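# Results of the structural survey
Residues per chain, in single letters:
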Amino acid sequence: MSALAVRAGVPLGPRTTLGLGGPARAFVEARDEATVAAAFAWASAQGLEVAVLGGGSNLVVADAGFDGLVVAIATTGINERPAGDAVHVEAAAGESWDGLVARTVDAGLAGLECLSGIPGSVGATPVQNVGAYGQEVSDTLVSVRVFDPVSREIRQLAATTCEFAYRDSMFKHHGRHLVVLAATFALRPGGEAQIRYAELERALDGAPRDLARVRRAVLALRRNKGMLLEADDPERRTAGSFFTNPIVGVAEAEAVAQRARSLGITAELPRWAQTDGRIKLAAGWLIEKSGVTRGMSRGAVGVSRRHALALVHHGGGTTASLLALADEIVETVHARFGVTLRREPVLWGA
Ligand code: EPU
């Protein structure tokens, strides 16, 4: 490794899918693991906080930027090895997530196909246990290779120790300081896709579930919801779902349903029982039924025309205005249904 190349005042907005936010005080691009370690050592010597940047697709950066060192993970490499009936696929954190999914689908390895079209890099996926259309990365993840900046060691963590839950893992809590360097998935060679999402089932309409077809169907669904990043899409500047789906107790779910009925809402409250007995509600539904319409704008920011959960930056806006819109939505939904929505993307510098 050559000397650490630290740049000052690098704009972060262009490195996020939202295209918002100020600069990083210091910035390092890490193309290998040794650079990740060196960057942390440098920041520690300077007394600077560190933030790790992946694909920037689930990130909101404050207008003032981030007053510390940003380490952009740009490591590459994917390798496959047989492991019993499965194939273990290890991908470096900086690899494109959808590139990995496309490659496994082409190779006939089942397990990631429903996660097609999700923007961002591999390294971010274990942190929030990325999931869509009935699959979550934790379903197939075997282990995560991490750098621990405290002990300065690289460790391999078994997936069973990562405390995965809906959009959650220990990397968001007590393991927050750990940097994901690589992730290994156990995939099924020649396997058929397992379809667990009613909307995807309907889209497939009885067609054979070969992986390529499932990938195409998922990409089409995502495109319809504006959840596929495409350069010519006027609503491409988003961070995907801006809120998580609230998970509530049975009594609270019933209270929300009652509330909806008393407000004259005839549509059935969408709800899904979780394995722990609690109930997942649809944040998009709650937003729309609170009177926030798709396509509504507040200056340069607004709600997607295709999905109420996606906030959109139309260009020339500020993070402050986006966060004000998010607050307005949280208050509106709370006033109407008594449910507090939680922000899904990570926020830096505010
Ligand atoms: N709905 C509405 N209005 C909307 C959108 C949704 O009423 O504008 C209601 C509908 O009743 C629909 C239900 O919400 O049946 C669920 O909608 P959808 O299938 O689009 O899924 P979601 O719960 O809104 C979640 C993930 C997405 C993921 C999809 C598909 C979260 C926060 N979001 O969205 O993930 O692609 O399921 O599995 O869990 C992301 O996290 O960035 C993301 C895009």
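The following refers to the structure shown.

The rules we used
- Residues numbered from 1 in each chain as written.
- Predicted model: local features only at pLDDT ≥ 70, side-chain atom pairs only at ≥ 80, totals over all residues.
- Heavy atoms only, no water.
- Salt bridge = Lys/Arg side-chain N within 4 Å of Asp/Glu carboxyl O.
- Buried < 20%, exposed > 50% of the residue type's maximum accessible area, 1.4 Å probe, protein only.
- Helix = DSSP H or I, 4+ residues; strand = E, 2+ residues; numbered from the N terminus.
- Core = buried A, V, L, I, M, F, W, Y, C linked by side-chain atoms within 4.5 Å.
- Contact = heavy atoms within 4.5 Å.
- Pairing = 2+ DSSP bridges.
- Axes fitted to C-alpha atoms, helices over the stretch in contact; angles between N-to-C directions.
- Expected span 1.5 Å × (residues − 1).
- Parallel < 35°, antiparallel > 145°, perpendicular 65-115°, else oblique.
- Nonpolar A, V, L, I, M, F, W, Y, C, P; charged D, E, K, R; others polar.
- Near = heavy atom within 4 Å.
- Polar contact = N/O pair within 3.5 Å; in protein donor to acceptor, adjacent residues only side chain to side chain.
- Areas by Shrake-Rupley, 256 points an atom, 1.4 Å probe, with all protein chains shown as cover.
- Domains from an automatic or database assignment.

### Quick notes on the pattern of salt bridges
All chains considered together, the criterion is met by 20 salt bridges. With a shortest N-O distance of 3.3 Å, Asp210 and Arg213 are connected by a salt bridge. On the accessibility criterion, Arg213 (31% relative accessible area) is partly exposed. A salt bridge links Glu235 to Arg305; its shortest N-O distance comes to 3.4 Å. In this pair, Glu235 is assigned in the loop between helix H4 (211-224) and strand S14 (238-241) and Arg305 in the loop between strand S19 (301-303) and strand S20 (310-313), connecting sequence segments 70 residues apart.

### Quick word on the nonpolar core
Trp97, Leu100, Leu112, Phe171, Phe185, Leu200 and Val214 are the most contacted members of the largest nonpolar core, which totals 41 residues. Listed by contribution, the elements that provide at least two residues to this core are strand S7 (86-92), helix H2 (97-106), strand S8 (109-110), strand S11 (141-148), strand S13 (179-189), helix H3 (198-204) and H4. When residues of this core are assigned to their parent elements, the largest contribution, five residues, is made by H4. Non-local contacts of Phe171, meaning those with residues more than four positions away in its chain, are made with Pro126, Val127, Val144, Val146, Leu157, Cys162, Arg176 and Leu178.

### A look at the sheet that holds strand S16 (residues 271-273)
The strand order across the open sheet built from three strands is S15-S17-S16, with neighbouring strands paired in antiparallel fashion. Two strands in the sheet have a free side with no partner beyond their single neighbour: strand S15 (247-248) and S16. Relative to strand S17 (residues 279-281), S16 runs antiparallel, the two sharing three bridges. What sits directly across from Arg271, in S17, is Leu281. Sitting on the sheet, helix H5 (residues 250-262) touches S15, S16 and S17, and the angle it makes with S17 is about 35°.

### Side note on the environment of Phe337
Summarising the element assignment, Phe337 is placed in helix H7 (residues 319-337). On the basis of relative accessible area, Phe337 is assigned to the buried category, the value being 5%. Distance in space between the C-alpha atoms of Phe337 and Ala260 is 7.5 Å, their sequence separation being 77 residues. Setting aside residues no more than four positions away along its own chain, Phe337 makes contact with Val256, Arg259, Ala260, Leu263, Ile265, Trp285, Leu286, Lys289 and Ser290.

### Describing H4
Spanning 14 residues, H4 covers 20 Å between terminal C-alpha atoms, matching the ideal 20 Å at 1.5 Å per step. Of all the residues in H4, the buried ones are Leu211, Val214, Arg215, Ala217, Val218, Leu219, Leu221 and Arg222. Immediately downstream of H4, the backbone of Gly226 shows phi near 70°, a positive value.

### Examining the packing of H2 against H4
Contact geometry for H2 and H4: axes closest at 9 Å, N-to-C directions at 150°. When the axis of H2 is compared with that of H4, the two are roughly antiparallel. Together, Asp98, Val101, Ala102 and Val105 of H2 and Leu211, Ala212 and Arg215 of H4 make up the contact between the two elements. Of the residues that constitute the contact of H2 with H4, the class distribution is five nonpolar, no polar and two charged.

### What to know about the site of the ligand
Among the 25 residues in the neighbourhood of the ligand, the closest are listed as Tyr133, Arg167, Tyr197, Asn245 and Glu288. Tyr197 is positioned with one of its side-chain polar atoms (N or O) 2.6 Å from an oxygen atom of the ligand. Expressed as a share of its isolated accessible area of 810 Å², the protein-covered part of the ligand is 83%. For the shell around the ligand, the elements supplying multiple residues, two or more each, are S14 and helix H6 (283-289). Among the elements that take part in the shell around the ligand, H6 stands out by supplying three residues, more than any other. Taken together, the residues of the shell around the ligand break down into 12 nonpolar, six polar and seven charged. For the shell around the ligand, the two domains that each supply at least three residues are domain 2 (78-224) and domain 3 (238-345).

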